[in-house]
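Residue-level structure breakdown
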Amino acid sequence: LGVAWRLGRREPALGASWPLVLARFSRLALACMVALFAAAAPLVWAYVGSWAGLVGTGYGSILAMKVLLLGAALFLAMGSRRAIQRSQAGHPDPALRATVPFFVEAETLLAVLILFTAATLASQPPAVDVIEERASWAEVVRVFAPKWPRLRTPSIAAMEADTSDPLAVVGGERTAAAYEWSNFSHNVAGLLLLAMSVLAIVGGSQRGGWGRHWPLGFLGLGAFVFLRTSANDMVWPFGPRGVWETMMNDAEVLQHRLGALLVVALGLVEWRARAHPTGRLPYVFPLLAAAGGLLLLTHSHAAFEPKSYYLIQVTHTTMGALAVLMACARLLELRLPPPGSRAAGAVSNLAMLLIALILVFYQEANVELPEA
């Protein structure tokens, strides 16, 4: 359908048939979706079995995020179908050419990401097979419940003395200091992203105003990532290890440095794109956001993982789905004419705000840490 639209813009004869092509595709897509739902419903019941399995297992949470993304795609498809129905009723709708093609683009992006999510789902044991390590509703709700961020961090000396290894088969249990270190990192990153989100939402109504400068917050986030990972890796200026030496000989340190650099680069690119919204530069942010969301949706999902690991991963899975929605909404903001572009921009900013709140409320594995 996307190819037909692009060819139709160059060939007037083919472009004239766009409404007919769109109507036929819509009927076929509707029939396919009905068939898919009819086939999926008994499989969901057989593999999940209960609401508890949907909420408290890795299989269930990935399936829920998959349904969320599918719902977003169907919401866009519903808008396209309404425009088709109005046109068929004898009321030609300009949306057939002004908005529907861009809905199709966003639907395509969502469909590709849904396929990757489905592949990750296939690597998980069905929820009905996970009983002992299943989290309860209360435990999952507590993960996302509002709580004060942890703004106290262990000293670098304490972390240097910490020899726990969460990947070890035996005796690798994480210490309270390791949990505090991780919570502080996530919470501070969330506070920085929260400030950026509020600035984007409040200033979003002023096109070309001060609100467009919110991407510069990524510079602060990138600096925090650089300093925090330097302390974690015991690299100068927080430890004896040299910067260039470790980057060349330690893959993890190199990844951390590249991550911080990418955050800074993303902020500068998006800030420049919002100042001059022309060309291809504005599309860098939604594409990278979609890729980042995909990585969060699909990373490190181990079979029969302990419940404590699941309670960490469920936050990352949710943030991945929100990042995908943010990317698609930003893409529509760039492509749609007003007022649709403003609505899409508001959805994108809201998704970023929800990601920020998850990070602010983040507390690994519901571990209670004593107050000082």
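Calculation criteria
Residues numbered from 1 in each chain as written. Predicted model: local features only at pLDDT ≥ 70, side-chain atom pairs only at ≥ 80, totals over all residues. Heavy atoms only, no water. Helix = DSSP H or I, 4+ residues; strand = E, 2+ residues; numbered from the N terminus. Rg over C-alpha atoms; globule rule 2.2 N^0.38 Å. Buried < 20%, exposed > 50% of the residue type's maximum accessible area, 1.4 Å probe, protein only. Contact = heavy atoms within 4.5 Å. Areas by Shrake-Rupley, 256 points an atom, 1.4 Å probe, with all protein chains shown as cover. Axes fitted to C-alpha atoms, helices over the stretch in contact; angles between N-to-C directions. Parallel < 35°, antiparallel > 145°, perpendicular 65-115°, else oblique. Left-handed = near helix turned anticlockwise from the far one by under 90°. Nonpolar A, V, L, I, M, F, W, Y, C, P; charged D, E, K, R; others polar. Patch = residues over 30% accessible without salt bridge, like charges linked within 9 Å, V, L, I, M, F, W, Y side chains within 5 Å. Salt bridge = Lys/Arg side-chain N within 4 Å of Asp/Glu carboxyl O. Core = buried A, V, L, I, M, F, W, Y, C linked by side-chain atoms within 4.5 Å. pLDDT = per-residue confidence, 0-100. Phe/Tyr/Trp six-rings, centres within 6.5 Å; stacked < 30°, edge-to-face > 60°.

**Points about the overall build of the protein chain**
Scanning the protein chain for helices and strands turns up 16 helices and zero strands. Taken over C-alpha atoms, the radius of gyration comes to 23 Å for the protein chain, in line with the 21 Å a tight globule of 372 residues would show. Seen through its C-alpha atoms, the protein chain measures out along the principal axes to roughly 75 × 50 × 40 Å. In the protein chain, buried positions account for 42% of the 372 residues. In the protein chain, the share of contacts with a sequence separation of at least 24, taken over all contacts with a separation of at least 6, comes to 75%. When the accessible area of the protein chain is evaluated, it comes to approximately 19600 Å², of which 70% is carbon and sulfur surface.

**A closer look at the packing of helix α15 (residues 307–335) against helix α16 (residues 340–360)**
Between α15 and α16, whose axes approach to 8 Å, the crossing angle comes to 160°. The orientation of α15 relative to α16 falls into the category roughly antiparallel. With respect to the hand of their crossing, α15 and α16 are arranged in left-handed fashion. When α15 is examined against α16, the residues Thr315, Thr318, Met319, Leu322, Ala323, Met326, Ala329, Arg330, Leu332 and Glu333 are found in contact with a partner set consisting of Ser341, Ala344, Gly345, Val347, Ser348, Ala351, Met352, Leu354, Ile355, Ile358 and Leu359.

**Looking at the packing of helix α5 (residues 58–88) against α15**
Where α5 contacts α15, the two axes come as close as 9 Å, and the packing angle between them is 15°. With respect to α15, the axis of α5 lies roughly parallel. The crossing of α5 and α15 is right-handed. Contacts from Gly58, Ser61, Ile62, Met65, Leu68, Leu69, Ala72 and Leu76 in α5 reach Tyr310, Val314, Thr317, Thr318, Ala321, Val324, Leu325 and Leu332 in α15. Across the contact of α5 with α15, the residue classes break down as twelve nonpolar, four polar and no charged.

**So, a nonpolar patch on the surface**
A cluster of nonpolar side chains, Val198, Ile201, Val202 and Trp210, forms an exposed patch at the surface whose accessible area comes to about 360 Å². By secondary structure assignment, the location of valine 198 is in helix α10 (residues 176–203). With relative accessibility at 40%, the residue valine 198 sits in the partly exposed group.

**Points about the nonpolar core**
For soluble globular proteins, nonpolar side chains are generally found buried alongside one another. Counting residues in hydrophobic clusters, the biggest one holds 47 residues, and the most contacted among them are Leu69, Phe218 and Leu332. At the level of secondary structure, the elements contributing two or more residues to this core comprise α5, α7 (100–121), α10, α11 (217–232), α13 (251–275), α14 (284–298), α15 and α16. A total of eleven residues in this core trace back to one element, the largest contributor, which is α15. Setting aside residues up to four positions removed in sequence, leucine 69 forms contacts with Leu110, Ile114, Thr117, Leu297, Ala321, Val324 and Leu325. Among the nonpolar cores identified, the runner-up in size contains ten residues, and Trp5, Ala23, Ala95 and Val100 belong to it.

**Some words on the side chain of serine 348**
Relative to the assigned elements, serine 348 resides in helix α16. Under the relative-accessibility criterion, serine 348 is labelled buried at 4%.

**A few points about the confidence of the model for the protein chain**
Scored by pLDDT, the protein chain has a mean of 85; 91% of the residues are at 70 or more. Averaged pLDDT values for the elements of the protein chain fall to 70 in helix α12 (residues 243–249) and rise to 95 in α16.

**Looking at the packing of aromatic side chains**
By the definition in use, this model includes six aromatic pairs. Geometrically, the ring pair formed by tryptophan 214 and phenylalanine 218 is tilted, given 6.1 Å between the ring centres and 55° between the ring planes. With relative accessibility at 8%, the residue phenylalanine 218 sits in the buried group. With a centroid separation of 6.2 Å and 80° between ring planes, the pair formed by tryptophan 214 and phenylalanine 285 is classed as edge-to-face. Pair noted here: tryptophan 214 is in the loop between α10 and α11 and phenylalanine 285 is in helix α14, with a separation of 71 residues, a long-range link. Both residues of the pair, tryptophan 214 and phenylalanine 285, belong to the buried class. Feature note: the residues Trp214, Phe218 and Phe285 constitute an aromatic cluster, connected by ring pairs.

**Some words on the side chain of serine 80**
Turning to its location among the elements, serine 80 is positioned in helix α5. Here serine 80 falls in the buried class, since its relative accessible area comes to 7%.

**Thoughts on the pattern of salt bridges**
Under the criterion given, the structure shown has eight salt bridges. Here glutamate 105 makes a salt bridge to arginine 6, at a shortest N to O gap of 3.5 Å. On the criterion of sequence distance, the pair formed by glutamate 105 in helix α7 and arginine 6 in helix α1 (residues 2–10) is long-range, its members being 99 residues apart. Here arginine 330 and glutamate 333 are joined by a salt bridge, their closest N and O atoms 3.0 Å apart. Placement of the pair is arginine 330 and glutamate 333 together in helix α15, with a separation of three residues, close to one helical turn. By relative accessible area, which is 4% here, arginine 330 ends up buried. By relative accessible area, glutamate 333 is classed as partly exposed at 21%.

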